[in-house]
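Letter by letter, the chains look like this.
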Amino acid sequence: SPPAPALLPPLAAVVDHMMPPGPVSTTLAQTQAAERPLAALFVSAGAAGLVTFAMAAAEGEPAVQVAACTALRLVAEGFGGGQRAVGEAEGIEAAMRAAWLHLKNEEVVYAALAMLRSLSWDEANRNTMAAGAGAGGIVTVITAMETFPQSVRIQDVGCTLLSNISFGSAKTKILVGEKGGIDAVITAMRRHRNEPSVQARGSFALRNLSWACPTNQQLVPAKSGVVEIIEALRRHKTTDVQQHALAALGNLTVGNLTNAYEVVSDSGFEVIISSMRAFPDNADLQEHALTIIYNICTAPQAEERGYPTYFANAGGIESVVRAVKAHVTNASVVQKACGVLHLVLSSEKNRRETGDAGGVEALRDAVKQHVGSPHVMLGALLALNGLVSGDDKNKQE
């Protein structure tokens, strides 16, 4: 893809991140804090190995498998060294074996996956899950998701695990795609469109799996993933869903004309603008939205296809100016907003609309706020120059 202008880095919305197990209540957090010394004692006494031994000895007993997986999960979450200790005690292999032996038992499968989710925060454990014959952990997760397609909690934890396992590894991301992981995530989102947790974690997984991975960038739209992400944005006006879905679209549209077209053709500009209006004070969300717009408008053939004009006609200019005003001290938001404005100010109509929305004042304030940041100030000055070019009213302001 062609290089992006100097004022904006040619990068996606956000790099891949780790998805935590889920929201933790204050009471649970206090309980876990109180139990950390016990978890450390449990590990130091070698009890993790005893638990995995008991799982093997009673492998035909579902209740034992559930209790053991739950105990090891709590140990892994209890203190910093717990994840590595449980992994070294062959906890990963024990959990996968439990899931396969009791594949028709949702309680066992969920307990095993929840344990693996907690262990996936450790790099060595992630490598173990991705390695081995048939990509062990990856196939276990996908098979569980396929076996219990209607179970929200299985789909939820499955999306999280696929996201975490692939964290930081381009090779593993591709492997997840090859084994059917992307298809599994998108299927979960399609089947559970009204479940915000599945939409948030599914979007998070697609965000991670598509980060700096052209192979998966192509695979997601082939499975209708872009359509599902936009549908999640339409249905769920919650911060988690909105941020993760927008971040996923940001990663998918970097230098990718196919995905840019997918977003635009599904009324994506209108949906993204709606998200910006719904969460005006959320800087991260504004940045993610602006990144998608910038990525689409600088994609190959974007100008020929009229994407910048399409965005402006959808009412996006006002939202961009509002983002600059509301987050004028945020360098990332201002830089991306100025990049978007620079792309749409070639027409007199757009210059006038930007001026009417308070663009001159917003850009002047941005220049003042970021004197010490050359890239941000350059972007603001370029946008300001485009705004006053051939417009006497904006020049006067």
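Treat the numbers as computed from the prediction; the structure is a model and nothing was measured. (Residues numbered from 1 in each chain as written. Predicted model: local features only at pLDDT ≥ 70, side-chain atom pairs only at ≥ 80, totals over all residues. Heavy atoms only, no water.)

Draft legend 1. Summary view of the overall build of the protein. Looking only at helices and strands, the protein has 26 helices and 0 strands in total. Per-residue burial for the protein yields a buried fraction of 54% across its 397 residues. Summarising the internal contacts of the protein: among those between residues at least 6 apart in sequence, 76% fall at separations of at least 24. Split by element, the accessible area of the protein, about 16,000 Å² in all, is 54% carbon and sulfur. (Helix = DSSP H or I, 4+ residues; strand = E, 2+ residues; numbered from the N terminus. Buried < 20%, exposed > 50% of the residue type's maximum accessible area, 1.4 Å probe, protein only. Contact = heavy atoms within 4.5 Å. Areas by Shrake-Rupley, 256 points an atom, 1.4 Å probe, with all protein chains shown as cover.)

Draft legend 2. Highlighting the packing of aromatic side chains. One pass over the structure, following the stated rule, counts 2 aromatic pairs. With centroids separated by 5.7 Å and ring planes inclined at 90 degrees, the aromatic side chains of Phe269 and Tyr310 adopt a geometry described as edge-to-face. Residue Phe269 is found in helix α17 (residues 268–278), and its partner Tyr310 is found in helix α20 (residues 307–313); the two are separated by 41 residues along the sequence. The class of Phe269 is buried, set by a relative accessible area of 0%. Here Tyr310 falls in the partly exposed class, since its relative accessible area comes to 32%. (Phe/Tyr/Trp six-rings, centres within 6.5 Å; stacked < 30°, edge-to-face > 60°.)

Draft legend 3. Representation of the side chain of Asn216. Topologically, Asn216 is positioned in helix α13 (residues 214–222). With relative accessibility at 1%, the residue Asn216 sits in the buried group. Not counting residues up to four positions away in its chain, the partners in contact with Asn216 are Lys173, Ile174, Gly177, Ile182, Leu209 and Ser210.

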